[in-house]
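Listed below, chain by chain, are the residues.
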Amino acid sequence: AQSVTQLGSHVSVSEGALVLLRCNYSSSVPPYLFWYVQYPNQGLQLLLKYTSAATLVKGINGFEAEFKKSETSFHLTKPSAHMSDAAEYFCAVSKGGGTSYGKLTFGQGTILTVHP
Amino acid sequence: DGGITQSPKYLFRKEGQNVTLSCEQNLNHDAMYWYRQDPGQGLRLIYYSQIVNDFQKGDIAEGYSVSREKKESFPLTVTSAQKNPTAFYLCASLFMDGVNYGYTFGSGTRLTVV
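Residues numbered from 1 in each chain as written. Chains lettered and ligands numbered in written order. Predicted model: local features only at pLDDT ≥ 70, side-chain atom pairs only at ≥ 80, totals over all residues. Heavy atoms only, no water.

Colleague: What should I look at first to understand the overall build of chain B in this one?
Modeller: Of the regular secondary structure elements, chain B holds zero helices and eleven strands. Sequence-ordered secondary structure for chain B, helices as α and strands as β, is β-β-β-β-β-β-β-β-β-β-β. Against the 2.2 N^0.38 benchmark of 13 Å for 114 residues, chain B shows a C-alpha radius of gyration of 14 Å, consistent with a compact globule. In terms of overall dimensions, chain B has C-alpha extents of about 45 × 25 × 25 Å along its principal axes. Taken over 114 residues, chain B has a buried fraction of 48%. (Helix = DSSP H or I, 4+ residues; strand = E, 2+ residues; numbered from the N terminus. Rg over C-alpha atoms; globule rule 2.2 N^0.38 Å. Buried < 20%, exposed > 50% of the residue type's maximum accessible area, 1.4 Å probe, protein only.)

Colleague: Whenever I open this one, the state of the cysteines confuses me. Can you help?
Modeller: By definition, a disulfide links two cysteine residues through a covalent bond between their sulfur atoms. The final tally for this structure, using the stated rule, is two disulfides over all chains. Between the sulfur atoms of Cys 23 of chain A and its disulfide mate Cys 91 of chain A the distance is 1.9 Å. The chirality of the disulfide connecting Cys 23 of chain A with Cys 91 of chain A is left-handed, given an S-S dihedral of about -65°. Here the residue Cys 23 of chain A occupies a position in strand S3 (residues 19-26), and Cys 91 of chain A occupies one in strand S9 (residues 87-94), the gap between them amounting to 68 residues. We note that Cys 23 of chain A, like Cys 91 of chain A, is buried. In this model Cys 23 of chain B forms its disulfide with Cys 91 of chain B; the gap between the sulfur atoms is 1.9 Å. Between Cys 23 of chain B and Cys 91 of chain B, the disulfide has an S-S torsion of -70° and is therefore left-handed. (Disulfide = S-S within 2.5 Å.)

Colleague: Is there a simple way to explain the side chain of Gln 25 of chain B in this structure?
Modeller: All names here are of chain B. Tracing the backbone shows Gln 25 in strand S3 (residues 19-25). Judged by relative accessible area, which is 3%, Gln 25 ranks as buried. A polar contact of 2.7 Å, which involves the side chain of Gln 25, links it to the backbone oxygen of His 29. Setting aside chain neighbours within four positions, we find Gln 25 in contact with Gly 3, Ile 4, Met 32, Arg 68, Lys 71 and Glu 72. (Polar contact = N/O pair within 3.5 Å; in protein donor to acceptor, adjacent residues only side chain to side chain. Contact = heavy atoms within 4.5 Å.)

Colleague: Is there a simple way to explain the environment of Tyr 36 of chain A in this structure?
Modeller: With respect to the helices and strands, the residue Tyr 36 of chain A is situated in strand S4 (residues 32-38). According to the relative accessible area criterion, Tyr 36 of chain A is buried, its value standing at 1%. In this structure Tyr 36 of chain A touches Leu 44, Gln 45, Leu 46, Leu 47, Glu 88, Tyr 89, Phe 90, Ala 92, Leu 104 and Phe 106 of chain A together with Tyr 103 and Phe 105 of chain B, once residues within four positions along its chain are discounted.

Colleague: When you look at the sheet that holds S3 of chain A in this model, what are you seeing that I'm missing?
Modeller: Two modes of strand pairing occur in sheets, parallel and antiparallel, and in both the strands are linked by backbone hydrogen bonds. Residues and elements named next belong to chain A. If you walk across this open sheet you meet the five strands as S1-S3-S8-S7-S6, and the pairing is antiparallel. Edge strands, defined here as strands with exactly one partner in the open sheet, are strand S1 (3-7) and strand S6 (56-58). The mean angle between the axes of side-by-side strands here comes to 20°, regardless of whether they run parallel or antiparallel. Of the pairings in the sheet, the one linking S1 to S3 comprises five bridges and is antiparallel in character. Across the sheet, the residue bridging to Gln 6 is Cys 23, located in S3. (Pairing = 2+ DSSP bridges. Axes fitted to C-alpha atoms, helices over the stretch in contact; angles between N-to-C directions.)

Colleague: Teacher, can you tell me more about the packing of aromatic side chains here?
Modeller: When we look at a pair of aromatic rings, we describe it by the centre distance and by the angle of the planes. Here the structure, examined in full by the defined rule, presents 20 aromatic pairs over all chains. Residues Tyr 101 of chain B and Tyr 103 of chain B carry aromatic rings whose centres are separated by 5.7 Å and whose planes lie at 85° to one another, so their mutual orientation is edge-to-face. Classification of Tyr 101 of chain B as buried rests on a relative accessible area of 3%. A network of ring pairs unites the aromatic residues Tyr 32, Phe 34, Tyr 36, Phe 90 and Phe 106 of chain A together with Tyr 33, Tyr 35, Tyr 48, Tyr 101, Tyr 103 and Phe 105 of chain B as a single cluster. In this structure, Arg 68 of chain B packs its charged tip against the face of Phe 74 of chain B, placed 5.9 Å from the ring centre. (Phe/Tyr/Trp six-rings, centres within 6.5 Å; stacked < 30°, edge-to-face > 60°. Lys NZ or Arg CZ within 6 Å of the ring centre and 35° of its normal.)

Colleague: Is there a simple way to explain the interface of chain B and chain A in this structure?
Modeller: Often, the extent of an interface is quoted as the loss of accessible area upon association of its parts. Contact with chain B, which involves 23 residues of that partner, is made by 22 residues of chain A. Of the roughly 1,800 Å² buried between chain B and chain A, counting both surfaces, carbon and sulfur atoms make up 57%. Sorting the residues of chain B by area buried against chain A places Tyr 101, Tyr 103 and Phe 105 of chain B first, and these three jointly supply 34% of that buried surface. Counting every contact that joins chain B to chain A gives zero salt bridges. The interface formed by chain B and chain A contains ten residue pairs in polar contact (both at pLDDT 80 or more). Listed by contribution, the elements that provide at least two residues to the side of chain B that touches chain A are strand S4 (31-37), strand S5 (43-51), strand S9 (87-96) and strand S10 (101-105) of chain B. Its residues assigned to classes, the side of chain B that touches chain A comprises 13 nonpolar, eight polar and two charged. (Buried area = accessible area lost by both parts, 1.4 Å probe. Salt bridge = Lys/Arg side-chain N within 4 Å of Asp/Glu carboxyl O. Nonpolar A, V, L, I, M, F, W, Y, C, P; charged D, E, K, R; others polar.)

Here is the structure:
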């Protein structure tokens, strides 16, 4: 079974500081990996995804993530935090379609706080 | 624009009542999913459907039921057997072809037991 672990349920940074949200996954096959952002009482917005192309993935709003197979990690970074980045972030893994049916497994989420 | 519409946005249920959450998509996606979100637990899969008239239980299906009579629609019923239904519910659909792979999410329904 696949699983996702997000290290740190809460992360706090200063505006302008580096954002680093950690995600480790387990999967028996090469996975598809996703980072989503969620604002209160809203759905999920895709930040970026890894689908077996380039290992360094660039997303929206200045975020990027690097797929490291040897470390089974897919950490999310942003060089300079903005107040509008305050939200909850979810890492998720899928083994694709076929017998996996496209099921998406989520981490527990990380709440990012940005203070002035 | 194509997307997923969930309704209502807020729903209140009395003890012992069944309620149905609507999920409609105009993306022509085959696969659809229902997730439940609780604080600190991420999203957990309730049910999923790959094609019309077929669906499977996810990780937390007890107390829930679904139907898939049309490709566009995947309603979720929260039955009185669900002991703790207060949560945020998200519907999603999957797009995949030989090149692209991704999910579209609705904006969610917040269900509260009163």
